[in-house]
Structures are given as structure tokens and as C-alpha cells.
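A look at the structure
These are the residues of each chain, in order.
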Amino acid sequence: MTGFDAATAAVQAALDAGARYADARVMHRRYESMSARNGDIEELTQDESIGLGVRALVGSSWGFHAVPELSDAAARDTGRRAAAIATASARVPGPPIDLVAVEATVASWASACDVDPLGVPLTDKGDLLARATATMREHGADLAEGLYQIWDTTKWFVSSEGHRIDQRIRECGGGISATSIGDGETQRRSYPSYRGQYGTTGWELVTSLDLAAHAARIAEESRELLTAPECPSGETDLILGGEQLALQIHESVGHAIELDRILGWEAAFAGTSWLDLSRLGTLRYGSELMNVTIDPTIPGALGSFGFDDEGSPAARRDAVREGRWVGVLAGRDSAAVAGLDYGGSVRADGWARLPMVRMTNVGLEPGPHTLDEIIAATDDGVLMDINRSWSIDDKRLNFQFGCEIGWEVKKGRRGRMLRNPTYTGIGPVFWRSMDMLSSEIVPWGTPNCGKGQPGQTGHTGHPAAPARFRNVRVGVRA
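Summary of the structure given here. Throughout this description, residue numbers start from 1 for each chain and increase along the sequence as written. Thresholds applied to this predicted model are a pLDDT of at least 70 for local features of residues and 80 or more for the giving and counting of side-chain atom pairs; totals over whole chains, interfaces and linings are not thresholded and use all residues. Side-chain measures here rest on the full set of heavy atoms in the structure, leaving out hydrogens and waters.

A closer look at the packing of helix α3 (residues 122–138) against helix α5 (residues 211–227)
At their nearest, the axes of α3 and α5 sit 8 Å apart, and the two run at 20° to each other. The pairing of α3 with α5 is recorded here as roughly parallel in orientation. For the pair α3 and α5, the sense of crossing is right-handed. Together, Leu 128, Leu 129, Arg 131, Ala 132, Thr 135 and Met 136 of α3 and Leu 211, Ala 212, Ala 215, Ala 216, Ile 218 and Ala 219 of α5 make up the contact between the two elements. The classification used treats Ala, Val, Leu, Ile, Met, Phe, Trp, Tyr, Cys and Pro as nonpolar, Asp, Glu, Lys and Arg as charged, and all other residues, Gly among them, as polar. Its residues placed into classes, the contact of α3 with α5 shows ten nonpolar, one polar and one charged. Comment: axis = line fitted to C-alpha atoms, over the contacting stretch for helices; angle = value between 0 and 180 degrees taken between N-to-C directions. Numbering of helices and strands runs from the N terminus, with a helix taken as a DSSP run of H or I at least four residues long and a strand as a DSSP run of E at least two residues long. An angle below 35 degrees is read as roughly parallel, one above 145 as roughly antiparallel, one from 65 to 115 as roughly perpendicular, and any other as oblique. Two helices that cross are described as forming a left-handed crossing if the nearer one is turned anticlockwise from the farther one by less than a right angle, and a right-handed crossing if clockwise. Any pair of residues with heavy atoms lying within 4.5 Å of one another is described as a contacting pair.

Here is the structure:
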């Protein structure tokens, strides 16, 4: 059967078994990754899977069932089983679940791709990683590592409301890192971020990173960090590079505005949120420079798509406007519970997982400054970049982050390198202290966002640029 045929049969079987709404997704995914260490290829992984997942809604409960088979019999059985699970769950009294209205759509969508990443010869990709890691070793790294990853996913979606959507999303990216070991000290430098850079695009993204050209620099910086002075402790002005600010957005904004967390649906595993729906539209989240959007339409960003896994079309909306909290990441059911009129942020990481609220591209709009202007305007501060560690509480409120590298900023100039830079804060207090923001936005990709039970790995994007925050606690107290 075709993907559409299997999904259609499953939906009809769920309806025949008593569901008042049903949808089905067939997903075919090919995955490839390669890693290198110290000039040699270490591991090659290639994987392929296809299957069908069905949701059925009965009364107050969802049922979900999935199978790695697309025959007519398997599809219909999967639909019946999803409805049976929903029926059994609905025996526990609860208010009926409504769904925010979405226009039924028949459509196709594909992410842009100039160079098919799976079509690039393995020898070429291996040579790239081997050359970059060998260069890092030549320039002093004790451990030199490189990695790329590729996902090629096709989806066929059918709903009982009349949706019939197919999408093809190609994603890839990679990065390198150099680790140097000294006397009681280990330091790591990464490019372009601690996990690499990723997007919904072709191999042209990896080519544009020019990994080999940055290999010598990050190896030398990792050795220099071994003897650099420790980041001082105290309150000071903090300038964050764009890559670190992307993770700050991910952890202290993106997860906090997920509506299932706000409603308490995610409390068991990933925690809830400090946000209260009664203050949507009025809460001061940050300074007036803070404009955060939810935008799955950004070309090439990792959280982009044409339609989410409920058939809602990709649409841009505000999450924070001039510092005020105005929007959330939602699905059709959670939005209806909250009295909102939009969803559009529901995805699953594979055919065998129930779709849930996930970040798309959650990030900042450009500010009026440049990094050079921010440094020039800072009399006494610390510049930090590239994430090294993160910790945040289950309400996404109190946090502490460590970065790979820092620099003193004195009288408007970048000074000596600092090792083991850290900073800590409380989400809204931190964001309200942002007084300068660069226009140099990069849509950083995060391919490893964990959420759900069973656990799912989400691909998210975070447009970010360097910014300054006033009177932030940095360093570790003695």
C-alpha cells in the first residue's frame, strides 16, 4: 500500500471502531551519521525505518497505536487498536477533549535542498572529518573529534476531517571539537557550537561551515585555555555570544512556553513551567528589546516544516512582544483547553511515538546593535560563548550555565581569555536585564531536545545573536 492508502485505511478503521476523530501518519526515515577521531574515521551509522502511527479520540481520551507494516490488514488493525485504547482510557470520567478548528488541507511540501546529503559520496564526507580532526591534532589537541548527521524524512498524514498531506524534510549538519589536557585541567573548544550546526537544508550547510578552516584555531584555543586565568566571581555585565544565547532561549523560554507544561501535562518527566495562563498578555517576561517569535516558516532553520503532525499549517506568531508574554507553543487539544484559537506546534520524532507539543523555531528578532558596538559600550564585563554545561529547574525558572570560553571586557575592549566561565540567574529577572542586542541573527539548530515518556528527541531552531545583560552573577563563589 502507499503511505496515503495505509493512513486512510487506519483512520476509517478507527472511526468504525467508535472514534469521533482519528488521524494517521506514515513516516519513512533514513538516517546517516559519521564520526572521526584524531584523523581517523571512527564510526559510520546508517539506518532506515518506515511505519504507521494512529491517534484516535474517544470522549476525554486519546488512544495511540503504531506498527512497522503498511499492509491493509495491519493498517486497519492499528486503527481499531488505537480506538480500543482510547475507549478503555475514556472509562475514567473526564471532560470531553475539543480540538481547535483547522481547515482540512490537501497539500505537498518539501524543505529546500541544493545538494542531497545522502547523495554525497561517503569518501568525501569521511575525508572532510578526517582532515579537520587531523589538523586539530597537529595544532595541539589531545583529542580531536568531528561528526555529521543526516535525516531524510517523508511523511503522509490523513485525518478524519479530510487532511491529506505529504512532506519531505531533509536535515543535516555537523561540527568539530578539540580537547586539551593539562595538569589537573581539561578544556574543550568546539566549532560552530558544542554539538554542531544543523538545519532543514542540504549538504550545502555543512560545506558552508568550512570545518577544516577553523580546526587549527579551536585546537590552539583549547590549549590556551589550560593556562588562562579563571573566570572571576561576582556581579557584572554579561555579554553572551549568539550560540550560547540560543541555548538560553531554548531552556528558559522555549520549554517554559510549551502549553502542555503550563497545563501540567508534562509534570511527570520533564517538569512544568513557572508561567501562569491567567497572565498571558500581561506578564513582563523581559526588557522591551525582547521580541521572541514562534516561526516554523524560516527557510533552512531546523525547526521548520510545512505542516505539523496534526495537519496545522506552519505559521509565524509572537511568543514575547516588547518584553510582554503573548503566545505559547500549543496543539489543537491543549489550545482548546486553554481557550486559545491556534495550535501548530505538535510533532513526533518517529512513526512509533505519540505527537506532542514541541518547539519549532523559537528565537529572537534582531536588535539594533552589533557585537562590536556592545563590547565598545561595556566598561566592565565578561563575554562568554559556546555552551559547556547547563542546569535549570523543573519550572524553567532558576538556571546555571557554563561556557567553553570567556574574555574580559574592560573600557570597551575585549581583553584576556578566561577559562571555566559560568553564570546564573532567574529567567524573568535575567531577560529584563537585557539592554543591548545584536542584529547578527543566526538560526542555531538543536537536534537533541529531549521530552516525553517514552522519550522523544526533537529538532528545534533558535534564532539568536549576541546580547548584553546587566548585573549578572558570574563565576563560582569561593
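A closer look at the environment of His 163
Following the sequence through the fold, His 163 ends up in the loop between β5 (143–159) and β6 (164–181). You can call His 163 buried: its relative accessible area is 1%. Measuring from C-alpha to C-alpha, the distance between His 163 and Val 115 comes to 31 Å, with 48 residues separating the pair along the chain. Discounting chain neighbours no more than four positions away, the residues touching His 163 are Val 102, Glu 103, Ala 104, Thr 105, Phe 157, Val 158, Glu 310, Gly 311 and Arg 332. Only 3.4 Å separates the side chain of His 163 from the backbone oxygen of Glu 103, close enough to count as a polar contact. Think of a polar contact as two N or O atoms within 3.5 Å of one another; within protein, one of them needs to be a possible hydrogen donor and the other a possible acceptor, and neighboring residues in sequence only count if both atoms come from side chains. There is a polar contact of 2.7 Å between the side chain of His 163 and the side chain of Ser 159. Relative accessibility thresholds used throughout: buried, under 20% of the residue-type maximum; exposed, over 50%; partly exposed, between the two (1.4 Å probe, protein chains only).

Some thoughts on the packing of aromatic side chains
Pairing of aromatic rings covers Phe, Tyr and Trp, the last through its six-membered ring, and needs centres within 6.5 Å; plane angles under 30 degrees mean stacked, over 60 mean edge-to-face, and all others mean tilted. Across all of its chains, the model carries 14 aromatic pairs by this definition. Ring centres 5.9 Å apart and planes at 20° place the aromatic pair Tyr 423 and Phe 430 in the stacked group. For the pair Tyr 423 and Phe 430, one class covers both residues: buried. An aromatic cluster of three or more residues is present, and its members are Phe 399, Phe 401, Tyr 423, Phe 430, Trp 431 and Phe 469. The criterion is that NZ of a Lys, or CZ of an Arg, lies within 6 Å of the ring centre and within 35 degrees of the ring normal, and then a charge sits over that ring. Between Lys 125 and the ring centre of Trp 203, over which it is positioned, the NZ or CZ distance is 5.7 Å. One cation-aromatic arrangement involves Arg 164 over Phe 4; the distance from NZ or CZ to the ring centre is 4.1 Å.

A short note on empty space enclosed by the protein
Of the two site types, the cavity is a set of points on a 1 Å grid over the protein atoms alone where a 1.4 Å probe fits but cannot get out, and the pocket is an open set with protein on both sides within 12 Å along at least five of seven lines, each lined by residues with an atom within 4 Å of a point. Grid points are joined across faces, edges and corners, and a volume is the space filled by probe spheres set on the points. If you walk through the whole model with that rule in mind, you get one cavity of 30 Å³ or more. Of the voids in this model, the largest cavity is the one considered here, and its volume is about 60 Å³. Lining the largest cavity, in full, are Arg 25, Lys 155, Phe 157, Ile 165, Asp 166, Gln 167, Phe 307, Asp 308, Asp 309 and Gly 311. Residue assignment for the lining of the largest cavity shows that the elements contributing at least two residues are β5 and β6. Element by element, the count of residues in the lining of the largest cavity is highest for β6, at three residues. A breakdown of the residues in the lining of the largest cavity according to their chemical character gives three nonpolar, two polar and five charged.

A word on the environment of Gly 458
Note that Gly 458 resides in strand β22 (residues 456–464). The exposure class assigned to Gly 458 is buried, which follows from its relative accessible area of 9%. As for Gly 458 and Pro 447, which are separated by eleven residues in sequence, their C-alpha atoms are 6.3 Å apart. In this structure, Gly 458 is in contact with Arg 358, Thr 446, Pro 447, Asn 448 and Cys 449, ignoring residues within four places of it in sequence.

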